[in-house]
Amino acid sequence: MIITLDSSATEQQLTEIRARVQGYGATGSLVQTQAGRYIVAIGGREFDIREIGQLAGVRDVHYVHDAYQLVSRQWKVRPSVIDLGDGVTIGGGGHQIMAGPCSIEGEQQVHASIDHLRSSGVRIMRGGVFKPRSSPYSFRGLGLEGLKMWSAIARENGIKIITEVLDASQIDSMYPYIDIFQVGARNSQNFTLLDALGRVDKPVLLKRGMSGSLEELLQSAEYIFSNGNEKVLLCERGIRTFEKAYRNVLDLNAVPYLKDKSHLPVVVDPSHGVGVRRYVTQMALAGMVAGADATLLEVHSCPEQAKSDGAQTLSFDETRELLRQMQALQMSLPSGKG
Ligand code: PEP
Ligand code: MN
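(A) Highlighting helix H11 (residues 316–332). The terminal C-alpha atoms of H11, which comprises 17 residues, lie 25 Å apart, in line with the 24 Å expected from a rise of 1.5 Å per residue. Every buried residue of H11 is listed here: Phe316, Thr319, Leu322, Leu323, Met326, Leu329 and Gln330. For H11, the angular spread of buried residues about the axis comes to 140°, placing them on one side. When the buried face of H11 is taken as reference, the exposed residues oriented beyond 90 degrees from it are Asp317, Met331 and Ser332. In the core, the buried residues of H11 are packed alongside strand S7 (96–100), helix H3 (107–119), helix H10 (277–290) and strand S14 (294–298).

Next comes the structure, spelled out in structure tokens:
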């Protein structure tokens, strides 16, 4: 159950509301986000919610029967919209593209990528500077210096940045240079990282774990939300199954499911999702049909020479063609918006 508090609720009123919640045998946690204050009550017996609704200091009350609460659509029916500023939004209609290399490799590559994105009308660039690699001997990214270089060029060109944060200790130093923090599949249940990202005021894109269930993904999102940050994006990036024909199995069932169960925007990453360049275009289009609010794509001027994930990375020409097809598809979808 979620009790939304009036912004003017006093400490005294809060104590009375919590005492009432305890009286029903439930535990009430006070959640303070950047947008509001709530009491999330778990357990206890069912009762007429009007008993709580009429208490002073209460704005509204909702029963939520899911394991997650504040990210549930049972609480908030309208879709959440993430606003990156300068007219760039994700969610609530329309379709955003976040494209760029798996790894940031150097200044020349950043310039070439940004020129390409700008000419295609893409407003958000992806790229890793702290790379989680299976082998410690693989390229692990240019680090903070690389991020500073990339960010300066992106800002000059009006491009927003999404990049992966591997550890809570990196958040403060990355913060000034980025627009969206990405939590990778390997960190999907790193609860100290999720807690810490709940205390910042920039959006967080949370990837599904390689063998994470959708309920686990939503509970991870709840960690970020309940620590204060309501700007969370959910990302389907493929799961591990018995199928070895391609890198991962892009679970597109997840898109309508997550949009049904949660008010948070849903992003599809077909690059990691299938992991094979020749299938990425079709899976990106399929993700859009499934209802994704945004698509995360790996793109490189010369995928064969990319320092990571080249095998699943689209060339500039392939990207241009995909974006053309996506635009045409968007017009033909029932909502007309994607
Ligand atoms: C990436 O986006 O390059 C990445 C490492 O993704 P994932 O966490 O989904 O493997
Ligand atoms: Mn990658």
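(B) Seen up close, the site of ligand 1. Lining the immediate surroundings of ligand 1 are 13 residues, of which Arg126, Ala185, Arg186, Lys207 and Arg237 lie closest. Interatomic distance of 3.0 Å between a side-chain N/O atom of Lys131 and an oxygen atom of ligand 1. Contacts to ligand 1 include Ala185, whose backbone N or O atom sits 2.7 Å from an oxygen atom. Out of a free accessible area of 300 Å², ligand 1 has 97% covered by protein chains. Within the shell around ligand 1, the residues separate by chemical class into three nonpolar, three polar and seven charged.

(C) Spotlight on the sheet that holds strand S1 (residues 2–5). Taken together, the four strands give an open sheet; going across it, the order is S2-S3-S1-S4, and neighbouring strands pair in antiparallel fashion. Each end of this open sheet is capped by a strand with a single partner; those strands are strand S2 (27–32) and strand S4 (58–62). Across this sheet, the average inter-strand angle for adjacent strands is 20°, counted without regard to direction. Two strands pair when backbone bridges link them, and S1 and S4 are joined in this way by four bridges, in the antiparallel orientation. Across the sheet, residue Leu5 finds its bridge partner in S4, namely Val58.

(D) Seen up close, the packing of H3 against H11. Relative to each other, H3 and H11 sit at 20°, their axes nearing to 11 Å. Judged on the interaxial angle alone, H11 and H3 are roughly parallel. In the crossing of H3 with H11, the sense of the turn from one axis to the other is right-handed. Contacts from Ala112, Ser113, His116 and Ser119 of H3 reach H11 at Phe316, Thr319 and Arg320.

(E) Layout of the packing of H3 against helix H4 (residues 143–156). In the contact formed by H3 and H4, the axes pass within 10 Å of each other and the chain directions differ by 30°. Judged by the angle between their axes, H3 and H4 are roughly parallel. Along this stretch, H3 crosses H4, giving a crossing that reads as right-handed. Between H3 and H4, the residues in contact are Glu107, Val110, His111 and Ile114 and Met149, Trp150, Ile153 and Ala154, respectively. Residue classes in the contact of H3 with H4 are distributed as six nonpolar, one polar and one charged.

(F) A look at the pairing of strand S9 (residues 160–164). Most of S9 is tucked away: five of the five residues are buried. Here S9 shows two buried faces, one formed by Lys160, Ile162 and Glu164 and the other by Ile161 and Thr163. Two strands pair when backbone bridges link them, and strand S8 (residues 124–126) and S9 are joined in this way by three bridges, in the parallel orientation. Residue Ile124 lies in a different strand from S9, and its bridge partner there is Lys160. Traced from S8 through H4 to S9, the parallel crossover comes out right-handed.

(G) Spatial organisation of the pattern of salt bridges. For the coordinates displayed, the defined rule picks out 13 salt bridges. Between Arg126 and Glu298 there is a salt bridge, and its shortest N-O distance comes to 3.4 Å. In this pair, Arg126 sits in strand S8 while Glu298 sits in strand S14, placing the two residues 172 residues apart along the sequence. Taking the shortest distance from any N to any O, the salt bridge between Asp309 and Arg247 comes out at 3.1 Å. With Asp309 in the loop between S14 and H11 and Arg247 in the loop between strand S12 (232–236) and helix H8 (254–261), this residue pair connects regions lying 62 residues apart in the sequence. Taking relative accessible area as the criterion, Arg247 reaches 38% and is therefore assigned partly exposed. Each of the salt bridges in this network shares a partner with another, and the network as a whole consists of Arg208, Glu236 and Asp251.

(H) Just the coordination of the manganese ion (ligand 2), in detail. Every protein donor of the manganese ion (ligand 2) is listed here as Cys102 (SG), His272 (NE2), Glu298 (OE) and Asp309 (OD), and their distances to the metal cover 2.0 to 2.4 Å. Counting the intervening residues between successive donors of the manganese ion (ligand 2) yields the motif C-x169-H-x25-E-x10-D. Linking Glu298 in strand S14 with Asp309 in the loop between S14 and H11, this pair joins segments that are 11 residues apart in sequence. Here Glu298 and Asp309 have matching classes, each one buried.

Calculation criteria
- Residues numbered from 1 in each chain as written.
- Chains lettered and ligands numbered in written order.
- Predicted model: local features only at pLDDT ≥ 70, side-chain atom pairs only at ≥ 80, totals over all residues.
- Heavy atoms only, no water.
- Helix = DSSP H or I, 4+ residues; strand = E, 2+ residues; numbered from the N terminus.
- Expected span 1.5 Å × (residues − 1).
- Buried < 20%, exposed > 50% of the residue type's maximum accessible area, 1.4 Å probe, protein only.
- Arc of directions from axis to C-beta.
- Contact = heavy atoms within 4.5 Å.
- Near = heavy atom within 4 Å.
- Polar contact = N/O pair within 3.5 Å; in protein donor to acceptor, adjacent residues only side chain to side chain.
- Areas by Shrake-Rupley, 256 points an atom, 1.4 Å probe, with all protein chains shown as cover.
- Nonpolar A, V, L, I, M, F, W, Y, C, P; charged D, E, K, R; others polar.
- Pairing = 2+ DSSP bridges.
- Axes fitted to C-alpha atoms, helices over the stretch in contact; angles between N-to-C directions.
- Parallel < 35°, antiparallel > 145°, perpendicular 65-115°, else oblique.
- Left-handed = near helix turned anticlockwise from the far one by under 90°.
- Right-handed = clockwise from strand over helix to strand, strands pointing away.
- Salt bridge = Lys/Arg side-chain N within 4 Å of Asp/Glu carboxyl O.
- Donors = N, O, S within 2.8 Å, 3.2 Å for Na, K, Ca; no water.

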